[in-house]
Amino acid sequence: MGLIAFVKDAGSKLFGGKDEPAPVTQPDPQKVREYQERRLAAAIAQHVETLGLGVKDLGVAVEGHTAIVTGMADTQADREKVLVAVGNVHGIAEVDDRLAVAAPVEAEATFHTVERGDTLSKIAQKHYGKAGAYMKIFEANKPMLSDPDKIYPGQVLRIPPA
């Protein structure tokens, strides 16, 4: 369709019969930021829900570049997957983990930030001493990863204990 041109001084005068336009008020920057943070938090929560991870009563709040995550994860692995899914969202620099775990806590995974040139094989070699263990890392990061070859610099991955 494209842009349609109009004569700006013609048409209905919605603000009375005066020729001067209605005053334009600038939005409150604090309210704009709060609105954007609420929208991002809702989008993150929806993203996590679509991944089908075992978490009940998921709550996500955003303050600046920090996501605050609450709820009850079924397992330690689900907890860590939620944290990785939230942290790997554009605009999020930190995740404040306030998730509880329903099942007995198992050994915690470590986290690895992907660097340029990394592959899951290289990461497996670094953490496990054998490149062939890359599938363990891939499986530990499903459903966030759909293919072992689709990782990107800056992405954070779960590295389960050996």
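That block above? That's the structure.
Because the structure is a prediction, the values reported are computed rather than measured. (Residues numbered from 1 in each chain as written. Predicted model: local features only at pLDDT ≥ 70, side-chain atom pairs only at ≥ 80, totals over all residues. Heavy atoms only, no water.)

1. With respect to the overall build of the chain
Each helix and strand counted, the chain has four helices and five strands in total. The N-to-C order of helical and strand elements in the chain reads α-β-β-α-β-β-α-α-β. Per-residue burial for the chain yields a buried fraction of 33% across its 162 residues. Here the analysis covers contacts within the chain between residues at least 6 apart in sequence; of these, 62% occur between residues at least 24 apart. (Helix = DSSP H or I, 4+ residues; strand = E, 2+ residues; numbered from the N terminus. Buried < 20%, exposed > 50% of the residue type's maximum accessible area, 1.4 Å probe, protein only. Contact = heavy atoms within 4.5 Å.)

2. Topic: the pattern of salt bridges
Taken as a whole and judged by the stated rule, the model has five salt bridges. As a salt-bridge pair, arginine 98 and aspartate 96 come within 2.8 Å of each other at their nearest N and O atoms. (Salt bridge = Lys/Arg side-chain N within 4 Å of Asp/Glu carboxyl O.)

3. Description of the sheet that holds strand E2 (residues 66-73)
Pairing in this open sheet of three strands is mixed, and the strands run E1-E2-E3 from one edge to the other. Looking along the sheet, the strands with just one partner apiece sit at the ends: strand E1 (55-63) and strand E3 (94-101). Neighbour-to-neighbour, the strand axes of this sheet turn through a mean angle of 10°, independent of strand direction. Where E1 and E2 come together, seven bridges link them in antiparallel fashion. (Pairing = 2+ DSSP bridges. Axes fitted to C-alpha atoms, helices over the stretch in contact; angles between N-to-C directions.)

4. Quick notes on the side chain of asparagine 141
The topology assignment puts asparagine 141 in the loop between helix H4 (134-140) and strand E5 (156-159). The class of asparagine 141 is buried, set by a relative accessible area of 1%. Among the polar contacts made by the side chain of asparagine 141, one reaches the main-chain carbonyl oxygen of isoleucine 137 at a distance of 2.8 Å. Not counting chain neighbours up to four residues away, the residues in contact with asparagine 141 comprise Val84, Leu157 and Arg158. (Polar contact = N/O pair within 3.5 Å; in protein donor to acceptor, adjacent residues only side chain to side chain.)

5. As for the nonpolar core
Core analysis: the biggest nonpolar cluster contains 19 residues, and Ile44, Val48, Leu58, Val82 and Val86 have the highest contact counts within it. Contributions of two or more residues to this core are made by helix H1 (29-51), E1, E2 and helix H2 (76-87). Take this core: its biggest share by element is five residues, from H1. Leave out the neighbours within four places in its chain, and isoleucine 44 touches Val60, Val62, Val86, Val89 and Ile92. Ranked by size, the runner-up nonpolar core spans 12 residues in total, among them Ile123, Ala124, Phe138 and Ile151. (Core = buried A, V, L, I, M, F, W, Y, C linked by side-chain atoms within 4.5 Å.)

6. Digging into the pairing of E2
Taken together, E1 and the strand that follows it, E2, pair antiparallel across an intervening segment of two residues, in which glycine 64 is found at a positive phi of about 65°. Crossover E2 to E3 through H2 is right-handed. (Right-handed = clockwise from strand over helix to strand, strands pointing away.)

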